[in-house]
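Topology and contacts: notes
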Amino acid sequence: MQKPSSLNPAGFAPVHAPAVVASPPLDPVLVPDLLELVPSTRIDAEQTKIAMTIAFAAGTSGGLFSDALDRARIPASTWRAESFAKDLFLQSFVPLCFKVRAGGGEASLTTNYLFKLLTSPPNNPSIIHFRRAILVELSESPEMRRQFERLYLTLCRFRGQIEGVRGHGKWDASRRQLEILGLAKEIIDCMAQGFGSARSGLARLAAFGLRVQQSEPYRSLTDLLHYDERLATLNLKVSVGADGRIRGFDVIAVQESTENPFVNSVWRRWLAKIELFVRGYRFGDQEVMARLIQAVFDGLEDDIVHFVQLIGDLEFYLGALGFRDFAESAGLPVCLPEIVAREKPRVVEGLFNPLLLAHGIKPVPCDLQIDRHDTTVLITGPNSGGKTRLLQSVALTQLLFQAGVFVPARSAQLTLAQGLVVSLIEEAKPDQSEGRLGMEMMRIRALFESLPPDAMVILDELCSGTNPSEGEEMFELVVTVLTRLKPQAFITTHFLTFAAGLERDRRISDLRFLQVALAPNHEPTYQFAPGVAHTSLARHAAARLGVSREQLQALVEHNIRLTQAPQNSRA
Amino acid sequence: MSTLLTNRKMNPALRARVEASVSGRRANGATRSRASQLLLKAGLRVGIFGVVAVGVFAFVRARVREHREIEDARAAVLALVRAERGTWTGLDPAATTRSESWLLLAARAYEGDFIAETLPNTAALATVLERPALYVRGPIDSFTHSAGIAEAASASAKDAFLLCLIDPPSSREEKALLPKARAGYSGGSRVSQHTTHVSRLHDLEAGLPLLFYPWEEELNAADTRTSIERLETKFKTAPFAATKRAAHAEILIFAMDEPKTGTGPTEFDGECSHDVRIGIVDVAAAKVLLRMRKHVDPNWISDGARAQFAKEIDGCALAMDVREGLGRKK
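None of the values given here were measured: they were computed from a predicted structure.

1. Concerning the overall build of chain A
A count of helical and extended segments in chain A gives 19 helices and 14 strands. The burial tally for chain A puts 54% of its 571 residues in the buried class. Put simply, of all contacts in chain A between residues at least 6 apart along the chain, 76% involve residues at least 24 apart. Put simply, chain A shows about 26200 Å² of open surface, and 54% of that area lies on carbon and sulfur atoms.

Structure (structure tokens):
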């Protein structure tokens with residue numbers, strides 16, 4: 001057992017997964033990778049370096065960072081986004097729920113990269129633990145989170161300057177480049193000083209920053225910035241008269257930073273300008289400065305290139321924290337689930353649908369408890385009872401859990417899945433060649449083509465829209481064959497009689513049954529209880545939606561009266 | 001390749017990167033072309049700079065050489081001047097000015113005939129005329145300014161007037177005057193043997209100023225080879241031997257021909273009816289010894305002699321008139 005915390009209220013110790021892993025402190029780190037246990041460069045470093053060099057020299061109109069992250073490699077994953085992303089509305093989930101708030105404002109994310117990270121959770125559980133440890137540390141240490149946000153904001157400024165998005169400094173190239181170098185120094189210093197006490201993978205930031213600070217390129221950078229900011233110090237005495245005007249101006253002392261390696265004598269500076277002119281450059285102090293700036297940048301580019309990947313990593317964690325803040329601001333707690341074995345119970349408390357929350361609807365949390373994970377759960381109940389929303393919630397929870405971030409539940413015990421396949425109701429397409437039965441069969445076919453063993457399967461209204469007896473036959477076939485793959489399956493159906501028969505006969509192993517819990521007035525409570533629903537409450541739904549017999553008749557009479565009224569007036 | 005942008009304070013790695021930045025060398029191909037572009041530009045600039053530098057160098061060298069040659073030429077002429085000056089004793093820079101002053105004075109409104117007390121007769125005149133003297137004759141308009149004086153002096157030679165003044169003929173008749181006129185006309189030893197102690201004013205004007213500072217200043221101010229050569233020629237052709245004699249002159253003898261009077265003819269040699277101002281000045285004592293104004297008219301001369309020797313015969317007759325004027329002095 002572990003000590004309970006807000007993120008682990010039950011105090012469960014992980015059974016199957018290893019302990020939280022932190023990076024060895026103060027070992028020199030070449031890559032400040034925050035997503036993988038073994039640090040690696042996922043962007044194309046050589047291409048990015050070239051692009052960054054050109055951007056530094058000339059200033060591009062944006063896209064350097066997002067292009068590199070779009071092409072970045074993702075940690076190995078058996079999940080395929082095309083099997084679930086569309087049905088879970090992930091393209092809108094990321095920008096709506098993973099909001100990065102830093103520095104008092106909302107940041108603009110590299111959405112494509114975040115989408116890729118979330119839809120390709122890692123195979124290696126150690127990576128999940130590595131990421132969770134970082135999130136725990138950021139959640140529990142406000143100072144650490146403040147440094148994390150400060151680092152992110154500085155990286156954003158660096159990105160803005162080097163991509164030349166705002167157009168600032170285009171009139172003075174050297175001034176722009178010095179500002180970029182100044183921001184690079186600020187980033188390195190922030191990494192070295194802000195994360196020295198980190199115990200999780202955040203310690204890599206400190207190790208990386210310290211390594212760079214001890215290198216010659218960083219010292220040259222510091223000297224160059226010092227040369228730019230403080231070539232000399234003048235002590236002045238200014239006399240001011242009674243009228244407030246300056247009467248006298250005396251230079252008391254002049255101190256030149258002669259020890260700075262960039263400081264040369266006046267005649268040498270002149271000769272350097274002439275030398276550059278003869279070599280084909282323009283004549284002037286700016287060209288001298290440009291050469292020195294370029295030399296300093298060249299020494300740092302192997303380290304600066306990692307800023308591109310780092311900003312994506314930071315957005316991943318800040319997005320997750322933003323999701324937590326967003327949910328908790330609506331009174332909905334989130335957590336990092338406990339990882340358990342497949343045969344252990346699935347226990348989820350306070351589960352809610354974040355898509356509803358993203359659209360401004362406060363969801364009603366529910367609890368879910370199944371005796372083991374590798375089962376097929378049939379869910380029945382009236383329409384608009386919350387079945388589809390439950391499916392979305394379960395699927396999103398599994399997705400976020402395996403990505404290593406917070407899930408929309410107060411607490412959870414979950415096991416890992418090798419993949420996720422989600423199929424909600426298919427909408428009719430104008431070019432479809434089959435009827436509803438044919439489309440449903442194609443859907444089933446596609447399911448089995450992409451379904452690996454030990455995956456999570458989410459199916460909404462399997463075999464609906466067909467003749468009930470044939471549909472039930474197909475339903476039983478699908479459910480029976482599915483068990484061979486040992487999935488974690490959640491399937492909704494309106495075949496109530498058939499479902500009740502399955503529950504009673506127990507002829508298919510590993511089936512479990514949940515039904516929508518109803519209030520005494522037959523209204524759905526959006527909670528779920530074991531068992532099969534007895535009715536779809538069609539009449540109640542009809543009455544609620546205005547399609548009962550009495551309501552329809554009233555409508556018809558009203559329309560007839562409307563039609564007859566002009567004829568009576570003429571008569 | 002090292003660069004002046006680096007120094008010993010820099011870390012070697014930084015120094016290498018600065019050198020690479022300056023030379024445009026990079027590991028990737030994207031900037032290799034930049035290096036070759038820079039190299040081409042640098043080559044062009046070095047080439048142009050080299051051509052301009054060579055041109056400027058050649059121009060400056062030519063100017064320096066020309067200047068050196070001018071200075072050498074100038075120094076050579078100055079050396080000549082100093083060498084010549086070194087052979088003189090008692091050099092009087094005012095000699096020329098003094099003579100010119102008397103001439104300018106005599107050319108003004110005529111003050112009337114004058115004979116000094118020390119010239120009571122022709123014998124006294126002869127004594128005076130034995131002293132070293134300067135002689136000049138010319139149109140009176142020439143004697144109103146220094147340049148005119150120099151011009152008149154260069155055109156004025158020892159003539160029959162001077163010869164007859166110093167060595168008068170036996171009578172004033174044409175027959176007696178004619179040998180003197182011929183001698184004056186042809187010049188040469190027939191004049192010089194009687195006038196060796198008399199120098200032309202031109203001898204003084206041509207040589208003496210070249211030995212003093214104003215001319216040396218003109219030489220120093222000359223900034224072209226041509227002008228220096230001109231001055232050098234002037235110096236080398238100056239009659240310094242005659243100038244030395246002229247510089248020791250004590251007497252100034254002059255005759256100023258006034259404009260033609262009347263409507264009579266003008267002879268082939270320019271002689272016509274006109275007045276002549278004659279002057280003898282003791283320049284050493286700064287006294288006028290003689291001032292006369294006589295009329296000449298070649299009309300009296302026979303046709304044969306007049307055509308060729310009118311001026312000389314009139315000149316000799318004029319000298320006789322001057323001598324006669326002394327004889328009639330009371």
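2. Here we look at the overall build of chain B
Scanning chain B from terminus to terminus reveals 13 helices and 6 strands. Counting the 330 residues in chain B, one finds 45% classified as buried. Sequence-distant contacts in chain B: of pairs separated by 6 or more residues, those separated by 24 or more amount to 72%.

3. What about the confidence of the model for chain A?
The pLDDT averaged across chain A works out to 84; a share of 86% of its residues lies at or above 70. Contacts of residues 6-26 of chain A to residues separated by more than four positions or lying in other chains number 41 contacts, the stretch itself having pLDDT below 50.

4. Some remarks on the interface of chain A and chain B
Across the boundary between the two partners, chain A contributes 31 residues, which contact 25 residues of chain B. Summing both partners gives a buried area of about 2400 Å² for chain A against chain B, and 53% of it is carried by carbon and sulfur. Of all residues in chain A, the largest losses of buried area upon contact with chain B belong to A:E216, A:R279 and A:Y281, amounting jointly to 24% of the total for that side. Applying the counting rule to chain A against chain B returns 1 salt bridge. Seen at the junction of chain A and chain B, the total is 14 residue pairs in polar contact (both at pLDDT 80 or more).

5. Observations regarding the environment of B:T96
Residue and element names in this part refer to chain B. Within the secondary structure, T96 sits in helix α3 (residues 95-106). Given a relative accessible area of 9%, T96 falls into the buried group. The spatial distance from the C-alpha of T96 to the C-alpha of P209 is 7.8 Å, given a sequence separation of 113 residues. With sequence-adjacent residues up to four places away left out, T96 is seen in contact with L204, E205, L208 and P209.

6. Here's the deal with the side chain of A:T415
Residue and element names in this part refer to chain A. Within the secondary structure layout, T415 lies in the loop between β9 (411-414) and β10 (420-423). Given a relative accessible area of 5%, T415 falls into the buried group. Engagement of the side chain of T415 in a polar contact is seen with the backbone oxygen of V340, the distance being 2.9 Å. In this structure T415 touches V340, A341, R342, H373, Q398, F401, Q402 and Q488, once residues within four positions along its chain are discounted.

7. Some points on the sheet that holds strand β3 (residues 198-200) of chain B
All names here are of chain B. If you trace the 6 strands from one edge of the open sheet to the other, you get β1-β6-β5-β4-β2-β3, paired in mixed fashion. Of all strands in the sheet, those bounded by a partner on one side alone are β1 (114-115) and β3. Two elements, strand β4 (residues 251-260) and strand β5 (residues 274-282), share 8 bridges in a ladder whose sense is antiparallel. Paired with K260 across the two strands is H274, which belongs to β5.

8. A closer look at the sheet that holds strand β5 (residues 338-339) of chain A
Residue and element names in this part refer to chain A. Strand order in the open sheet formed by 4 strands is β5-β9-β6-β7, and the pairing between neighbours is mixed. Each edge of the open sheet carries a strand with a single partner, namely β5 and β7 (366-370). As paired elements, strand β6 (residues 346-351) and β7 share 4 bridges and run antiparallel to each other. Its bridge partner being in β7, R346 is matched across the sheet by I370.

9. Things to note about the state of the cysteines
Residues and elements named next belong to chain B. This model, assessed by the stated rule, comprises 1 disulfide over all chains. The side chain of C164 participates in a disulfide bridge whose partner is C316; the two sulfur atoms lie 1.8 Å from each other. Between C164 and C316, the S-S torsion sits near -95°, and that sign places the bridge as left-handed. Residue C164 is found in helix α6 (residues 160-166), and its partner C316 is found in helix α13 (residues 303-327); the two are separated by 152 residues along the sequence.

10. Remarks on the pattern of salt bridges
Following the criterion strictly, the structure yields 50 salt bridges over all chains and no others. By sharing partners, the salt bridges in this structure join A:D33, A:E36, A:R42, A:R73 and A:D313 into a single network.

11. Observations concerning helix α12 (residues 240-247) of chain B
All names here are of chain B. The set of residues buried in α12 consists of F240, A242, T243 and A246. The arc that holds the buried residues of α12, viewed along the axis, is 150°, so those residues lie on one side. Turned more than 90 degrees away from the buried face of α12, the exposed residues are A241 and R245.

12. A few points about the packing of helix α11 (residues 285-304) of chain A against helix α1 (residues 12-23) of chain B
Interaxial distance between α11(A) and α1(B) falls to 8 Å at its minimum, and their mutual angle equals 125°. The orientation of α11(A) with respect to α1(B), classified from their angle, is oblique. Considering how the two elements wind past one another, α11(A) and α1(B) form a crossing that is right-handed. Of the residues in α1(B), those touching α11(A) at A:R291, A:L292, A:Q294, A:A295, A:V296, A:D298 and A:G299 are B:L14, B:R17, B:V18, B:S21 and B:V22. In terms of residue class, the contact of α11(A) with α1(B) is built from 6 nonpolar, 3 polar and 3 charged.

13. Examining the packing of aromatic side chains
In the structure shown here, the tally under the stated rule is 19 aromatic pairs over all chains. Both rings, one in A:W79 and one in A:F84, keep their centres 5.6 Å apart while their planes meet at 85°; by these two values the pair is edge-to-face. For the pair A:W79 and A:F84, a shared accessibility class is recorded, and that class is buried. Seen from their ring centres, B:Y185 and B:F309 are 5.3 Å apart, and the 90° between their planes marks the pair as edge-to-face. Taken as a pair, B:Y185 in helix α7 (residues 174-186) and B:F309 in helix α13 lie far apart in primary sequence, 124 residues in all. Connected via pairs of aromatic rings, a cluster forms that spans A:F148, A:F195, A:F316 and A:Y317. Positioned above the aromatic ring of A:F326 is the side chain of A:K99, whose terminal nitrogen or guanidinium carbon lies 5.3 Å from the ring centre.

Calculation criteria
Residues numbered from 1 in each chain as written. Chains lettered and ligands numbered in written order. Predicted model: local features only at pLDDT ≥ 70, side-chain atom pairs only at ≥ 80, totals over all residues. Heavy atoms only, no water. Helix = DSSP H or I, 4+ residues; strand = E, 2+ residues; numbered from the N terminus. Buried < 20%, exposed > 50% of the residue type's maximum accessible area, 1.4 Å probe, protein only. Contact = heavy atoms within 4.5 Å. Areas by Shrake-Rupley, 256 points an atom, 1.4 Å probe, with all protein chains shown as cover. pLDDT = per-residue confidence, 0-100. Buried area = accessible area lost by both parts, 1.4 Å probe. Salt bridge = Lys/Arg side-chain N within 4 Å of Asp/Glu carboxyl O. Polar contact = N/O pair within 3.5 Å; in protein donor to acceptor, adjacent residues only side chain to side chain. Pairing = 2+ DSSP bridges. Disulfide = S-S within 2.5 Å. Arc of directions from axis to C-beta. Axes fitted to C-alpha atoms, helices over the stretch in contact; angles between N-to-C directions. Parallel < 35°, antiparallel > 145°, perpendicular 65-115°, else oblique. Left-handed = near helix turned anticlockwise from the far one by under 90°. Nonpolar A, V, L, I, M, F, W, Y, C, P; charged D, E, K, R; others polar. Phe/Tyr/Trp six-rings, centres within 6.5 Å; stacked < 30°, edge-to-face > 60°. Lys NZ or Arg CZ within 6 Å of the ring centre and 35° of its normal.

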